[in-house]
Amino acid sequence: MPPFEKILLKNMETPGYTGSLADYEHAGGYQAWRKVLGKVSPAEITETVKKSGLRGRGGAGFPTGVKWGFLPKDYQGSKYLCCNADESEPGTFKDRQLIERDPHQMIEGILIACYAIGVETAYIYIRGEFVLGAQILERALAEARTAGYVGQNILGAGTSINIWVHRGAGAYICGEETALLESLEGKRGLPRVKPPFPATHGLYNKPTVVNNVETLANLPHIMNRGAEWFAAIGSPPKSSGTRIFCVSGHVKRPGNFEVPMGTTLRELIFEHAGGMRSDKPLKAIIPGGASAPFFTPEHLDVKLDFESVAQAGSMLGSGGVTVMEEGTSMVWAALRLMEFFYHESCGKCTPCREGSSWLVQTMRRIVDGRGRKSDLETLVELCQNIAGRTVCAFGDAEVAPIMSTLKYWRHEYEELIQQAAATAPVELMMPAMGKH
Amino acid sequence: MLKEKYKAEIEHILSRYPVRRSAVLPLLYLAQKEEGYVSETAMKEIAGILRLTPPQVYEVVTFYTMFQLKPVGTFHIQVCKSLMCALVGSDTLLRWLKTRLGIGPGETTIDKLFTISTVECLASCGTGPMMQINDDYYEGVTESKVDRILADLKRDGTSSLKSGPFMLPEPMKS
Amino acid sequence: MSVETVEVTIDGQKLMVPKGTLVIEAARQAGVMIPHFCYHPKLKPDANCRMCLVEIEKVPKLQTSCSTPVSNGMVVRTATTVVNDAHKSVLEFILANHPLDCPVCDQGGRCDLQDFSHQYTPTTSRFIEIKRIFQKEYFSPLIEKEMNRCVQCLRCVRYCDEVMDVKALAPVGRGTMTEIKHFGTHELDCEFCGGCVQICPVGAITSRLSMYEFRPWMLKRADTICTYCGDGCRITVQAKNNQLIEVNSAHGVGRNNGDLCPRGFFGYHVSTHPDRITQPMIRRNGQLMTATWEEALEYVAETCIALKLKHGPQAFAGLITSRCTNEDLYVFQKFMRLVIGTNNIDSSARYGQITGVRALRRVQGTPRWTVTFEDLVAANALLLVGTNVTETNPITGLKIKEAVKKHGASLVTIEPLVPAVGKISNIANLSTHDFPGRPDRFGAMVLALIKAVMDERLVDAELAQRAPAYVKAIGDALHAISWEVLEAETDRASAAWRDAARVFAAAKRAVIVVGQGVLRHPGGLDITTNLLDLLLLTGHHGRPGCGLATLAEENNDQGAVEMGAVAEFLPGPSDVTDRHARERLAGLWKEELPQGTGRTLTGILEEAKKGAVKAVYIVGENPVGSLPPSSGAKEALQQCEFVICQELFMTETAALAHVVFPASSYAEKEGTFTNTEGLVQPVRQAIDTVGESRPDWEILSALSVLMGYPIEYGDAKEIFKEIRSVIPGYALLGPVPTPPRPDVAVITQYVQSGYAEDVTNRYRLPGEGRGAKGERNEQSFTLVLSQSLFHSGKFSTRAKGLLDVEADGRLALNGTDASKLNITEGDRVRLFNDRGEMTTTVTLRDRLPDGLVTFPEHFDEQALALMPLTVDDRTGVPYYRAARVRIEKARGNGQKVTTYSAASSPSPLASGLESPEETR
Ligand SMILES: Cc1cc2nc3c(=O)[nH]c(=O)nc-3n(C[C@H](O)[C@H](O)[C@H](O)COP(=O)(O)O)c2cc1C
Ligand code: SF4
Ligand code: FES
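Residues numbered from 1 in each chain as written. Chains lettered and ligands numbered in written order. Predicted model: local features only at pLDDT ≥ 70, side-chain atom pairs only at ≥ 80, totals over all residues. Heavy atoms only, no water.

## Examining the sheet that holds strand 8 (residues 255-260) of chain A
Residues and elements named next belong to chain A. The strand order 8-7-10-9 describes an open sheet built from four strands, whose pairing is mixed. Because the sheet does not close on itself, it has two edges, and the strands there are strand 8 and strand 9 (282-286). Adjacent strand axes in the sheet meet at a mean angle of 30°, parallel and antiparallel pairs treated alike. Judged from the four bridges that link them, strand 7 (residues 242-249) and strand 10 (residues 320-325) form a sheet pairing that is parallel. When the bridges of strand 10 are listed, Gly249 appears paired with Val323. (Pairing = 2+ DSSP bridges. Helix = DSSP H or I, 4+ residues; strand = E, 2+ residues; numbered from the N terminus. Axes fitted to C-alpha atoms, helices over the stretch in contact; angles between N-to-C directions.)

## Here's the deal with the packing of aromatic side chains
Per the counting criterion, the structure on display carries 36 aromatic pairs over all chains. Taking 6.2 Å as the distance between ring centres and 70° as the angle between the ring planes, the aromatic pair formed by Phe294 of chain A and Trp409 of chain A counts as edge-to-face. Of this pair, Phe294 of chain A sits in the loop between strand 9 and helix 13 (306-311) while Trp409 of chain A sits in helix 18 (residues 400-418), and the two are 115 residues apart along the sequence. Both residues of the pair, Phe294 of chain A and Trp409 of chain A, count as buried. On the numbers, 4.9 Å between centres and 90° between planes, the contact of Trp358 of chain A with Phe127 of chain C is edge-to-face. Of this pair, Trp358 of chain A sits in helix 15 (residues 350-367) while Phe127 of chain C sits in the loop between helix 3 (112-120) and strand 6 (143-145), placing the two residues on different chains. (Phe/Tyr/Trp six-rings, centres within 6.5 Å; stacked < 30°, edge-to-face > 60°. Buried < 20%, exposed > 50% of the residue type's maximum accessible area, 1.4 Å probe, protein only.)

## Focus: the site of ligand 1
Residues and elements named next belong to chain A. If you check the shell around ligand 1, you find 19 residues, and the closest are Gly58, Lys67, Asn84, Asn212 and Thr215. Separating a nitrogen atom of ligand 1 from a backbone N or O atom of Gly175 is a distance of 3.4 Å. Protein chains bury 91% of the 610 Å² of accessible surface belonging to ligand 1 in isolation. Sorting elements by how many residues they give to the shell around ligand 1 places strand 4 (residues 208-212) first, with three residues. Taken together, the residues that form the shell around ligand 1 break down as five nonpolar, eight polar and six charged. (Near = heavy atom within 4 Å. Polar contact = N/O pair within 3.5 Å; in protein donor to acceptor, adjacent residues only side chain to side chain. Areas by Shrake-Rupley, 256 points an atom, 1.4 Å probe, with all protein chains shown as cover. Nonpolar A, V, L, I, M, F, W, Y, C, P; charged D, E, K, R; others polar.)

## Considering the site of ligand 2
Taken together, Cys150, Val151, Gln152, Cys153, Leu154, Arg155, Cys156, Cys200, Pro201, Val202, Ala204 and Ile205 of chain C form the complete shell of residues around ligand 2. Class assignment of the residues belonging to the shell around ligand 2 gives a composition of ten nonpolar, one polar and one charged.

## With respect to a negative patch on the surface
A cluster of acidic side chains, namely Glu294, Glu298, Glu302 and Glu692 of chain C, defines a negative patch on the protein surface. Following the sequence through the fold, Glu298 of chain C ends up in helix 7 (residues 293-311). (Patch = residues over 30% accessible without salt bridge, like charges linked within 9 Å, V, L, I, M, F, W, Y side chains within 5 Å. Salt bridge = Lys/Arg side-chain N within 4 Å of Asp/Glu carboxyl O. Lys, Arg positive; Asp, Glu negative; His and termini not counted. Charge placed at Lys NZ, Arg CZ, Asp CG, Glu CD.)

## A closer look at the side chain of Asn393 of chain C
When you line up the elements, Asn393 of chain C lands in the loop between helix 11 (389-392) and helix 12 (394-405). Since its relative accessible area comes to 0%, Asn393 of chain C is described here as buried.

## Structural notes on the interface of chain C and chain A
Interfaces are often sized by the accessible area lost when the parts come together. Contacts between the two partners involve 33 residues from chain C and, on the opposite side, 34 residues from chain A. Counting every contact that joins chain C to chain A gives four salt bridges. Between the two partners, chain C and chain A, sit 21 residue pairs in polar contact (both at pLDDT 80 or more). Of all the secondary-structure elements, those providing two or more residues to the side of chain C that touches chain A are helix 2 (81-97) and strand 7 (170-172) of chain C. Ranked by residues supplied to the side of chain C that touches chain A, first place goes to helix 2 of chain C with nine residues. Broken down by class, the residue content of the side of chain C that touches chain A amounts to 15 nonpolar, nine polar and nine charged. (Contact = heavy atoms within 4.5 Å.)

## A short note on the environment of Asn218 of chain A
All names here are of chain A. Mapping Asn218 onto the fold places it in the loop between helix 10 (213-217) and helix 11 (219-232). Separated by 161 residues in the primary sequence, Asn218 and Arg57 place their C-alpha atoms 10.0 Å from one another. Those residues in contact with Asn218, other than ones at most four positions away along the chain, are Ile7, Leu8, Leu54, Arg57 and Phe230.

## A look at a nonpolar patch on the surface
Residue and element names in this part refer to chain A. Taken together, the side chains of Phe62, Val66 and Phe70 make up a nonpolar region of the molecular surface, amounting to roughly 260 Å² of accessible area. In this fold, Phe62 is placed in the loop between helix 4 (42-52) and helix 5 (64-69). Residue classification places Phe62 among the partly exposed residues on the basis of a relative accessible area of 37%.

## Side note on the interface of chain A and chain B
With 74 residues of chain A at the contact, the number on the chain B side is 60 residues. Both faces combined, the contact of chain A with chain B buries some 5,400 Å², and carbon together with sulfur accounts for 62% of it. For the interface between chain A and chain B, the tally reads three salt bridges. Salt-bridge contacts for Asp91 of chain B lead to Arg336 of chain A; the nearest nitrogen and oxygen are separated by 2.8 Å. (Buried area = accessible area lost by both parts, 1.4 Å probe.)

## Brief notes about the nonpolar core
Of all hydrophobic cores here, the largest spans 171 residues; its most connected members are Trp33, Ile110, Leu111, Ile163 and Tyr413 of chain A together with Leu28 and Tyr64 of chain B. Other than its neighbours up to four places away in sequence, Leu28 of chain B contacts Val38, Ile46, Val57, Val60, Val61 and Phe67 of chain B. Judged by nonpolar contacts, the second largest core, of 76 residues, contains Val151, Leu244, Tyr268 and Phe795 of chain C. (Core = buried A, V, L, I, M, F, W, Y, C linked by side-chain atoms within 4.5 Å.)

## Quick look at the pairing of strand 1 (residues 5-10) of chain C
Residues and elements named next belong to chain C. Note: strand 1 against strand 2 (residues 13-18), six bridges, orientation antiparallel. Considered in strand 2, the bridge of Val8 is made with Leu15. In textbook terms, the turn of a hairpin is the stretch between consecutive antiparallel strands, and for strand 1 and strand 2 this stretch comprises two residues, one of which, Asp11, has a positive phi near 45°.

## What to know about the sheet that holds strand 12 (residues 243-248) of chain C
Residue and element names in this part refer to chain C. Reading across the sheet, the three strands line up as 10-11-12 and stay open at both edges, with antiparallel pairing between neighbours. Looking at the sheet topology across the chains shown, the edges are occupied by strand 10 (220-225) and strand 12. Neighbour-to-neighbour, the strand axes of this sheet turn through a mean angle of 30°, independent of strand direction. In terms of strand pairing, strand 11 (residues 234-240) meets strand 12 through five bridges, oriented antiparallel. Within strand 12, the position partnered with Val237 by the bridge is Val247.

## Describing the pattern of salt bridges
Residue and element names in this part refer to chain A. The full count for this structure, using the stated rule, is 101 salt bridges over all chains. With a shortest N-O distance of 2.8 Å, Arg266 and Asp301 are connected by a salt bridge. Of the two residues, Arg266 is situated in helix 12 (residues 265-272) and Asp301 in the loop between strand 9 and helix 13; the sequence distance between them amounts to 35 residues. A salt bridge links Arg336 to Glu339; its shortest N-O distance comes to 3.9 Å.

## Looking at helix 7 of chain C
In this model, helix 7 of chain C (19 residues) spans 26 Å end to end at C-alpha, consistent with the 27 Å of a helix rising 1.5 Å per residue. Along its buried surface, helix 7 of chain C packs onto strand 13 (281-284), strand 15 (316-320), strand 24 (615-619), strand 25 (642-647), strand 26 (659-662) and helix 25 (696-706) of chain C. (Expected span 1.5 Å × (residues − 1).)

## Description of helix 4 of chain A
Residue and element names in this part refer to chain A. Taken residue by residue, helix 4 has Ile45, Thr46, Val49 and Ser52 as its buried positions. End-on view of helix 4: buried residues confined to an arc of 125°, all on one side of the axis. Among the exposed residues of helix 4, those oriented more than 90 degrees off its buried face are Ala43 and Lys51. Where helix 4 is buried, its residues touch helix 3 (31-36), helix 5, helix 7 (103-117), helix 11 and strand 6 (239-240). Gly53 lies just past helix 4 and shows a positive phi near 80°. (Arc of directions from axis to C-beta.)

Written as structure tokens, this is what we have:
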């Protein structure tokens, strides 16, 4: 097997690469755009993307080409593309790197997508906290406009595409595609009831595609090197290409690692991320961001592709891999995530809104040593009553931490409940800061 | 009045959207940049510009965590408390800030210089613990780093320790 | 148009429903009630409460029936254990944070949450955490908020936006702590339609007027009709110990379909107001003294007989308010015509309604709308002229909002409104073609629109060859008016008019709505007739769903005309001069009818001044209070030998009377009202008569007996029976009016020759050459007496709830004019012209066009002094609602007084004021 060559992080990992237009072009940037613009038909591009087997990197993993195909055919009037750069899933920080280190790569991806689906206006919805990222994007867009890659009558080919940066303002839910659209329309970011789907009734009620940064960043490479090339990478047919995994937690070398899908957790954690940071053995892994159920060391050999992770009872999600060492309280960990979900529930759906506050309060009691035997029963039932009964997938996500920790580490809950003495969470867990 | 001061900017913002209302977040950012928080006057003015009622602007402001309805300290320290940072010491970081500034989350120093808040994941889990101070990220912070950052801010209003474009991890020397 | 239907199975029942029907509605039709909170048929599905989950075959997850449309062959199950558990669990979640304060909750006993909890008998709560608590905050004088009870279905917020277009409510915050607020800590400032109170499924938003006063089951209910405007809303009046406790309106019934306005919802305290006159009164040496009914009735009967012998019947005249029931109005005119023997009869329909009736009868025969509210909602294009619909006829306004917001109708507005967001909704904001202007510009604007129709060749081909002369006459007349002049007069480019004309002409269903700004202003008759021309020219007239609708200001304006309570009409209405009609009526009444046409309102006052009219019988009318001093109404009545009043309150007019009878309000009697659409609706008694008061017809009937011409009835129903015999087909025709078809013969006559008599006059610029005059008038403002959303005539100024919102009159003008005058909100200003002056407080309203200032008619005692009075020689309508005035900061505002011209540059107070322009 030939040594694996990175696709998305290649440029930026070459020493001295700044992400400027010059650097990007020097590294072969915008060749794909020049190649397809006006020469390859939009339909063909969509076909190629379908063939490549590219699936969404935002969390749901929906086949990108197929999604594009849902747009109404020969529709008159405006359509929109939204690049989802809201990256807020705890444990995920890949889009931030793609944005800050190689903005033109994603811009070229956006251009290709717009061209393929006949869109003249695209918005990059970037989470508000990414102030630097937004500045970098604005600068890159300015460069791209002067270079004639973006704007009116691009490269004289008659196509016009405008790309605007739109900053969110602090709301995880705005990563959910319909909440994103609401937010972009200047409203509270509450997810919409689906159907209708954005493909037919999206931004301003017009046909709209929402794609993740990483998804879009793949497009130039697919256009350059062909569907077959991409389809062969990773573990085809269902999981082609690479994924950027964001490794965090108790490893020696946390960070983003681009590897072919199908790489095992073991390889990712112990080779790429340099293994555990101390002699404490590995205790738990979250394989796909806060919304993904926990894994145990038994799962180290699970292949990191959509199917395998799903079969093993979790999800690839956003690619955020969090590693926890022995000594980490799983109840405490679950509470931390539950607090996140409670804080971020938009409040639209009763089960999610009321359930998250109920769960958080119960978990706090348990962690504070005021738990009751009946609590575990209640926790499970509440989780079951939330999942699958809400407008958006947040409801399913928020129960993952409690459900999975209860599944593998129920005894930790029971011990806490038995402990008579009240022990505050800080005592329970007080990890020290590193010595960078 | 924003209209006078940022006329050109506001027009540019409006020009980006087919529907005026979409400009509400950008305009709110302008207002917050201007006054340090979003005042009622500002909300009324924005409502006027976008042909909304003030309640329609107000409901948006309160949905997003980044808008302040009251003034905050010159330096708004936002510590990520989500699990990934907690695993690598965000609670210790908070405790350290308390010993240094004497304030906890939600509090402001008497000199109005610092306000501390806890926030959820800011997408630098690989470089935790971290905090965002106003617009800047500070990653992989330690006790000593915190001390230097606070000193820098007091002295120069900024600190060289803030993160630049995403760096870590250093490429593997293979 | 036939709608496609699909088959759906619900809990085993098969049924056919229109495609797109929501599962929850299909279930309702199958008699299956699916529990829900956030769903409401009036609102777009939001599916946030998740209560209505059901099982749908072949769909893995449970689905919300409120947001899922049925598809053919769909199989729905609402009663499986899975569904039941889902409902139970959602309920458990809602109850987790819901307080157990039902005993003190005004919703108790009619609360969806209570009912569902009961239905699902949730086991004792597992919730042992701390309940969410919201900071209690004062919300508003009329609406109370208890957020701890809120189930966050957002029905209130959605209603306020989707239906009312007010957008005063905001869901504030995120997650469990989301709270319904107005703006910051400010108290609610909105239309106070009460919609949020009515639509809240729990007790989170309730009325303060009835707070803690009742338990639903203690209340005595009566379904009746609101008396505050011509829309004729169905209201349910609820009383306890003969006190009015609350008014509401059920979804799905009435022309208002459960929607109300502040007057209807909060304005009900008038009937039981302490100032009600409760006993008959007789003037004894200058003083009105209480008397017994016997005394008063006999005194009046004797005096009338004596005066009739001495001066003859034509020395009598009668005035009645259109707030009365059809029965009162009918008996009144019969009393005047038979017992007294005069046609000197008039009612408040004279103030404007008569204008519309006259135009409609002339052009299309029928005096009524040929459309209904349903047609407004279904219209593709609507043209509003001088309606101020939100304030004057709020529910008609909702129909228009629905047409535009829900069905995307085009809306052309010729209104005294510019688009601007404010605390109450502004129809101009929804307008697709808005033409703001002062009432004195409306005539020109309508001409511009018709000229555009001509120029754009939009005239109906069929009409063009059926009545070429008619079309040509109008065309020629308009040709004589240049676009230059029209563009100057209307402040709009011809292109804008052409666009509007095209849209209107192209519409399949087009309706024109004409309001008080036309009907009660000079030229009203001509403008209305021209608008009927417009309908004819574009070929809309007579087409299904098309027509011209004139808005009635008072609840029974239309009834007053149809009952013949006006000088020129007998019941029907048919002309008093119509021999055939007179004979028929005489036959039925077995009495001769008085000869000749009678005097109208102002005519009567003139005659009284001259001394020709010596006795005036007044029922609920208040000419002294309503007309400007220049009308000399007061002097006229003081001259009379005998003035009788039937009144609820001691009005300016009643104060002059020799005898005052205590009359019962609408809440205390039975009868019928005829709404602006021409729908006859039942009025039902809600409380016992206040004091010794009696229904107006009863008093008249009693007098008739004493005067020897008995007009007796057992009850209101008997009167209505007689009305039906007099006016064939006058009946309570169910919930929806069946509008009359235009009379083809009349139309033909009109387009063949009828139009000719005045076409050149009608197609002249109103007040030719005002252009030049207009320049001079740049110095001053047009003051218009306007209708407020919070009041109705002077009647409602006794309603506690409404006074809480609007307690006094304020001069409204837009910010630009204000800054020119360098005044601002709350400043005191002096208004004056050579007629008089007044001092008042300023309020800014950016929806008003430049140069137009308004003052609410409900508080116009002072303002009337500035108003010129002109009387339309054809309709007898008195115009007194517009005047040119100057405005200056009142002394005591600190700085020395200077006037500023509307044309920004300050000019010293000119000594010799130009004579304020007589409106036409
Ligand atoms: C609660 C929630 C949060 C989400 N957050 C993000 C996010 O931050 N970034 C993202 O790209 N997708 C996010 N998604 C997924 C989006 O809804 C959507 O599927 C995705 O952006 C589509 O792009 P893709 O097909 O390229 O993955 C989120 C979904 C949910 C339910
Ligand atoms: S106040 Fe009532 S109607 Fe409004 S959201 Fe709360 S529960 Fe629903
Ligand atoms: S009624 Fe369907 S979700 Fe609320």
